[in-house]
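This is what each chain is made of:
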Amino acid sequence: MAYQHFEEYNLKVTEDVKERYKSIIEDLGEDVTREGLLKTPERASKAMQFLTQGYNQDAAEILKSAMFKESYNEMVIVKDIEVYSLCEHHILPFFGKAHIAYIPNGQIVGLSKLPRIVDVFARRLQVQERLTQQILDCINDTLEPQGVAVVIEASHMCMMMRGVQKQNSVTTTSGFRGQFEKIETRNEFLKLISNKFS
Ligand SMILES: Nc1nc2c(ncn2[C@@H]2O[C@H](COP(=O)(O)OP(=O)(O)OP(=O)(O)O)[C@@H](O)[C@H]2O)c(=O)[nH]1
Ligand SMILES: [Zn+2]
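Read on for a plain summary of the structure. (Residues numbered from 1 in each chain as written. Chains lettered and ligands numbered in written order. Predicted model: local features only at pLDDT ≥ 70, side-chain atom pairs only at ≥ 80, totals over all residues. Heavy atoms only, no water.)

Describing the packing of aromatic side chains
By the definition in use, this model includes three aromatic pairs. Ring geometry for Phe-180 against Phe-189: centres 5.8 Å apart, planes inclined by 80°, an arrangement best described as edge-to-face. Taking relative accessible area as the criterion, Phe-180 reaches 0% and is therefore assigned buried. Taken together, the aromatic side chains of Phe-176, Phe-180 and Phe-189 make up a single cluster linked through ring pairs. Sitting over the face of the ring of Phe-176, Arg-186 holds its NZ or CZ atom 4.1 Å from the ring centroid. (Phe/Tyr/Trp six-rings, centres within 6.5 Å; stacked < 30°, edge-to-face > 60°. Buried < 20%, exposed > 50% of the residue type's maximum accessible area, 1.4 Å probe, protein only. Lys NZ or Arg CZ within 6 Å of the ring centre and 35° of its normal.)

What follows is the structure, given as structure tokens:
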């Protein structure tokens with residue numbers, strides 16, 4: 001299926017972004033003609049296309065491609081899903097883990113589709129709050145479960161390598177819908193993903 005592999009790089013975009021990277025590297029004081037940097041503008045152009053491929057992908061379609069009728073009515077949790085995204089303020093990485101839970105309402109979803117939709121929304125220019133909300137809304141609107149919960153814990157390079165330069169701060173964002181708005185259900189989920197949330 002098309003979304004499972006990164007499709008061919010768009011030739012025009014690759015060329016345009018490559019030329020701009022050349023100017024940027026020069027403006028930063030480097031010599032783009034030295035051997036080590038000759039292919040760098042093109043590599044960087046492709047890397048950025050890879051890291052923003054989520055704009056061309058449809059998360060709802062990914063979920064819909066693997067939804068199955070099932071009477072299971074308990075909480076389903078997929079935790080510790082790696083997240084790599086780019087902060088929209090500095091275009092620097094933020095990365096960490098996502099934890100997702102839902103309570104089915106007549107249908108379940110293929111487990112791998114949850115990390116897949118995390119990638120669809122993470123591979124864009126993002127803020128952690130919106131990333132959390134988009135994953136939550138997509139599962140809620142597409143699967144229509146009894147409840148859904150998303151927690152993301154992430155470190156932001158723009159706070160580590162520059163700016164305030166804090167190496168150990170972790171930002172936690174969360175969103176809860178349906179059954180997870182009830183404190184007992186929410187606490188059960190938080191306890192199951194980590195002792196520190198109990
Ligand atoms: N809420 C939120 N803020 C973010 C995220 N990623 C980066 N930021 C923040 O975006 C803010 C941008 O603030 P500005 O004051 O315009 O940028 P700046 O001068 O580079 O700020 P400093 O990082 O404090 O040096 C900073 O406080 C960043 O820490 C995110 O995912 N969510
Ligand atoms: Zn930033």
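Let's talk about the sheet that holds strand S5 (residues 125–126)
Strand order in the open sheet made by the five strands is S5-S2-S3-S6-S7, with mixed pairing throughout. What marks the edges here is a single partner per strand, and that holds for S5 and strand S7 (171–178). Where strand S2 (residues 76–87) and S5 come together, two bridges link them in parallel fashion. Looking across to S5, one finds that Leu-86 is bridged to Leu-125. (Pairing = 2+ DSSP bridges. Helix = DSSP H or I, 4+ residues; strand = E, 2+ residues; numbered from the N terminus.)

Looking at the packing of helix H4 (residues 113–122) against helix H5 (residues 128–143)
Contact geometry for H4 and H5: axes closest at 10 Å, N-to-C directions at 135°. The angle between the axes of H4 and H5 places the two elements in the oblique class. The handedness of the crossing between H4 and H5 is right-handed. Along its contact with H4, which presents Leu-114, Ile-117, Val-118, Phe-121 and Ala-122, the element H5 presents Leu-131, Gln-134, Ile-135, Cys-138 and Ile-139. A per-class count over the contact of H4 with H5 returns nine nonpolar, one polar and no charged. (Axes fitted to C-alpha atoms, helices over the stretch in contact; angles between N-to-C directions. Parallel < 35°, antiparallel > 145°, perpendicular 65-115°, else oblique. Left-handed = near helix turned anticlockwise from the far one by under 90°. Contact = heavy atoms within 4.5 Å. Nonpolar A, V, L, I, M, F, W, Y, C, P; charged D, E, K, R; others polar.)

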